[in-house]
Amino acid sequence: MIDPLSDLRLVREATDRLLTAVAALDNAAVTRSSRLPGWTRGHVLAHLSRNADALVNVLRGRPMYVSADARAADIERDAPRPLAGQLDDLRESAARFQDAGSVPADWDRTVELRNGITDRAARVPFRRLIEVELHHVDLGIGYELEDLSKEFTQRETDFLAQRFRGASNVPPTRVLTPAGEWRTGGDEGPEVTVSGPPAEVLGWLTGRREGAALEVAGGPLPVLPPL
């Protein structure tokens, strides 16, 4: 069951961890490559700040971004900033998101995200938690998928299994970890079983690991659509 107020608390805690970790960097470290192709750590931090403001727009019934081009331009504009500017923006945009989430509202209402995707407003805080936690890992500064909480890893695995369910370019797939079992992918063809530690499965589902540590039966490891 989704509890948006509890998720807002988790977002605040995850943001505090992120801010503490980023504050230990220096200006040079911010300009170095992240784990995301083509992005420096500054790009990742700028994206996190602009994503917070974009989700404020969603909660307030406005378009998430003016356009895809404007989204990309904002990230490019903000990526080169020194550490102090990145930290201030992260902190202030996170506070704006918390303020927007604290306003009494109908959490069962439908909201629109990017590319026409819709969801319940109640899931917006968890979507923000995904951004903060996974992009903290993407910075490559000592926070790994194995450091994510068991609850988050299980919820994100469930979230992505649902996202890929019905994808015609993914074979029927059974996903197994010690924490649970999921089915995803399309309906045509033989079923593939993918199993392994929760962090390794999550890394494969999010495109952050190639899946070499996973066990696969019934066919090759499925190639998943990009997120």
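Keep in mind that this is a model prediction, so the values were computed, not measured.

1. Examining the overall build of the protein chain
Moving on, step 1. Across its full length, the protein chain carries eight helices and six strands.
Moving on, step 2. Helices (α) and strands (β) of the protein chain occur, in sequence order from the N terminus, as α-α-α-α-α-β-β-α-α-β-β-β-α-β.
Moving on, step 3. Taken against the 2.2 N^0.38 rule, which gives 17 Å for 227 residues, the C-alpha radius of gyration of the protein chain at 18 Å falls within 12% of a compact globule.
Moving on, step 4. If one aligns the C-alpha atoms of the protein chain with their principal axes, the spans along those axes are about 50 × 40 × 30 Å.
Moving on, step 5. Every one of the 227 residues in the protein chain was classed for burial, and the buried ones make up 49%.
Moving on, step 6. Of the contacts formed within the protein chain by residues at least 6 apart in sequence, a portion of 58% connects residues at least 24 apart.
Moving on, step 7. Counting every atom, the protein chain has about 11200 Å² of accessible surface; 52% of that belongs to carbon and sulfur.

2. Observations regarding helix 1 (residues 4-23)
Moving on, step 1. The terminal C-alpha atoms of helix 1, which comprises 20 residues, lie 28 Å apart, in line with the 28 Å expected from a rise of 1.5 Å per residue.
Moving on, step 2. Among all positions in helix 1, only Pro4, Asp7, Leu8, Leu10, Val11, Ala14, Thr15, Leu18, Leu19 and Val22 are buried.
Moving on, step 3. Buried positions along helix 1 lie against helix 3 (41-59), helix 5 (83-102), helix 6 (124-138) and helix 7 (150-164).

3. Quick look at the pattern of salt bridges
Moving on, step 1. Enumeration according to the criterion identifies 21 salt bridges in this entry.
Moving on, step 2. A salt bridge links Asp74 to Arg77; the nearest nitrogen and oxygen atoms lie 3.1 Å apart. Residue Asp74 and its partner Arg77 are both found in helix 4 (residues 68-78); the two are separated by three residues, about one turn of the helix.
Moving on, step 3. For Asp74, a relative accessible area of 25% translates into the label partly exposed.
Moving on, step 4. With a closest N to O distance of 2.8 Å, Asp78 and Arg77 form a salt bridge.
Moving on, step 5. By sharing partners, the salt bridges in this structure join Arg50, Asp53, Asp74, Arg77, Asp78, Arg81, Asp89 and Arg96 into a single network.

4. Re the layout of surface pockets
Moving on, step 1. Its volume calculated, the largest pocket comes out at about 1200 Å³.
Moving on, step 2. Considering the residues around the largest pocket, the lining is formed by 40 residues, among which Glu131, His135, Arg163, Arg208 and Leu227 are closest to the centre.
Moving on, step 3. Examining the composition of the lining of the largest pocket, we find that seven residues originate from one element, helix 6, more than from any other.
Moving on, step 4. Grouping the amino acids of the lining of the largest pocket by side-chain chemistry returns 22 nonpolar, six polar and 12 charged.

5. Considering helix 5
Moving on, step 1. For helix 5, built from 20 residues, the straight-helix expectation of 28 Å at 1.5 Å per residue is met to within 8% by its first-to-last C-alpha distance of 29 Å.
Moving on, step 2. For helix 5, the full list of buried residues reads Leu83, Gln86, Leu87, Asp89, Leu90, Ser93, Ala94, Phe97, Gln98, Ala100 and Gly101. Along the axis of helix 5, the buried positions cluster into a sector of 165°, meaning they face one direction only. Residues of helix 5 that are exposed and point over 90 degrees away from its buried face: Ala84 and Ser102.
Moving on, step 3. For helix 5, the elements touching its buried residues are helix 1, helix 2 (27-31), helix 3, helix 4 and helix 6.

Here is what the cut-offs are and how they apply
Residues numbered from 1 in each chain as written. Predicted model: local features only at pLDDT ≥ 70, side-chain atom pairs only at ≥ 80, totals over all residues. Heavy atoms only, no water. Helix = DSSP H or I, 4+ residues; strand = E, 2+ residues; numbered from the N terminus. Rg over C-alpha atoms; globule rule 2.2 N^0.38 Å. Buried < 20%, exposed > 50% of the residue type's maximum accessible area, 1.4 Å probe, protein only. Contact = heavy atoms within 4.5 Å. Areas by Shrake-Rupley, 256 points an atom, 1.4 Å probe, with all protein chains shown as cover. Expected span 1.5 Å × (residues − 1). Salt bridge = Lys/Arg side-chain N within 4 Å of Asp/Glu carboxyl O. 1 Å grid on protein atoms, 1.4 Å probe; cavity = no way out; pocket = protein on both sides within 12 Å on 5 of 7 lines; lining within 4 Å. Points joined across faces, edges and corners; volume = space filled by probe spheres on them. Nonpolar A, V, L, I, M, F, W, Y, C, P; charged D, E, K, R; others polar. Arc of directions from axis to C-beta.

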